[in-house]
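A structural walkthrough
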Amino acid sequence: MQLLQESMSHNFFHNDADILHSQDSGALALLVDSPASRTPAKRSSLPTSLGLGSYKQLSVSLDPNQAALWWCARHQGVPCFTQALLDEIKSVRQVARKLLRDRQPGEPAAVKFLVGCSDFRGVFSLGGDLSHFKHCITTRDAEALRAYAYACVEAMYENVFGFAQPIITIGVIEGDA
């Protein structure tokens, strides 16, 4: 909760936002009114020294002033969690770990917040990849379905528990309920 208060005191988000906080897990969700409210004042692309390939499912940026690593899903088709999207989100978590691990003693954390959002207007995600489910069931590919299920559980578990790092994960949720 202290980091949440710190983020709000530093005007991490430009507009007022309703905050949902789970006391049990520490997970956060922000309810915002418009896409503009999710845009920090200044972001930079990630350093090339991190050895990253290009992302196809995500746009990724770092807001060094707010110590926030942003990922925004660029849904291609139905806004759902495909295996490719899950793989790229996992890569972003690895970037956050690297940024924390590589800092010098006494240096402030490069990342305090991991913020996820969607570029699909009005929808964060519709959930699981139903076309993948159908394909796995039709072809009786239990292993692929199991691998997808584990990837989904791992993504949620790591987000809820800050992937064993001193990071708060934030989901920016837009649209009508």
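The rules behind these values
Numbers given to residues run from 1 along each chain, matching the order in which its sequence is written. This being a predicted model, a pLDDT of at least 70 is required before a residue's local features are given, and a value of 80 or more before pairs of side-chain atoms are given or counted; all residues contribute to the totals for chains, interfaces and linings. The side-chain numbers reported here are obtained from all heavy atoms of the structure, hydrogens and water having been left aside. Strands are runs of DSSP state E lasting at least two residues, helices are runs of H or I lasting at least four, and both sets are numbered from the N terminus onward. Here the term buried applies to any residue with accessible area under 20% of the maximum for its type, exposed to any over 50%, and partly exposed to those in between, with areas from a 1.4 Å probe on protein chains only. Contacts described as polar in this section are N or O atom pairs within 3.5 Å, which, within protein, must combine one atom able to donate a hydrogen with one able to accept it, while residues neighboring in sequence count only if both atoms come from side chains. Here the axes come from fitting lines to C-alpha atoms, over the contacting stretch only for helices, and the angles between their N-to-C directions go from 0 to 180 degrees. Orientation labels follow simple angle bins: below 35 degrees gives roughly parallel, above 145 gives roughly antiparallel, 65 to 115 gives roughly perpendicular, and whatever is left gives oblique. Should any heavy atoms of two residues lie within 4.5 Å, those residues are considered in contact. In this count, Pro and Cys sit with the nonpolar residues alongside Ala, Val, Leu, Ile, Met, Phe, Trp and Tyr, while Asp, Glu, Lys and Arg are called charged and the others, Gly among them, polar. By the definition used in this description, the sense in which the near helix is turned from the far one sets the handedness, with an anticlockwise turn below a right angle giving left-handed and a clockwise turn giving right-handed.

Quick look at the environment of Ser118
Relative to the assigned elements, Ser118 resides in strand 5 (residues 113–118). By relative accessible area, Ser118 is classed as buried at 4%. It is 4.6 Å that separates the C-alpha atoms of Ser118 and Ala73, two residues lying 45 residues apart in sequence. Only 3.3 Å separates the side chain of Ser118 from the side chain of His75, close enough to count as a polar contact. Within polar-contact distance, the side chain of Ser118 engages the backbone oxygen of Phe124 at 3.5 Å.

Brief notes about the packing of helix 3 (residues 130–138) against helix 4 (residues 142–160)
The N-to-C vectors of helix 3 and helix 4 enclose an angle of 150°; their axes lie 8 Å apart at closest approach. Comparing their axes, helix 4 and helix 3 come out roughly antiparallel. Within the contact between the two elements, helix 3 uses His132, Phe133 and Cys136 and helix 4 uses Ala144, Leu145 and Tyr148. Residue classes in the contact of helix 3 with helix 4 are distributed as five nonpolar, one polar and no charged.

Quick word on the packing of helix 2 (residues 83–101) against helix 4
For the pair helix 2 and helix 4, interaxial distance at closest approach is 10 Å and the crossing angle is 35°. When the axes of helix 2 and helix 4 are compared, the crossing they make is left-handed. Between helix 2 and helix 4, the contacting residues are Gln83, Leu86, Lys90, Arg93 and Arg97 on the first element and Ala147, Tyr148, Ala151, Cys152, Glu154, Ala155 and Glu158 on the second. Grouping the amino acids of the contact of helix 2 with helix 4 by side-chain chemistry returns six nonpolar, one polar and five charged.

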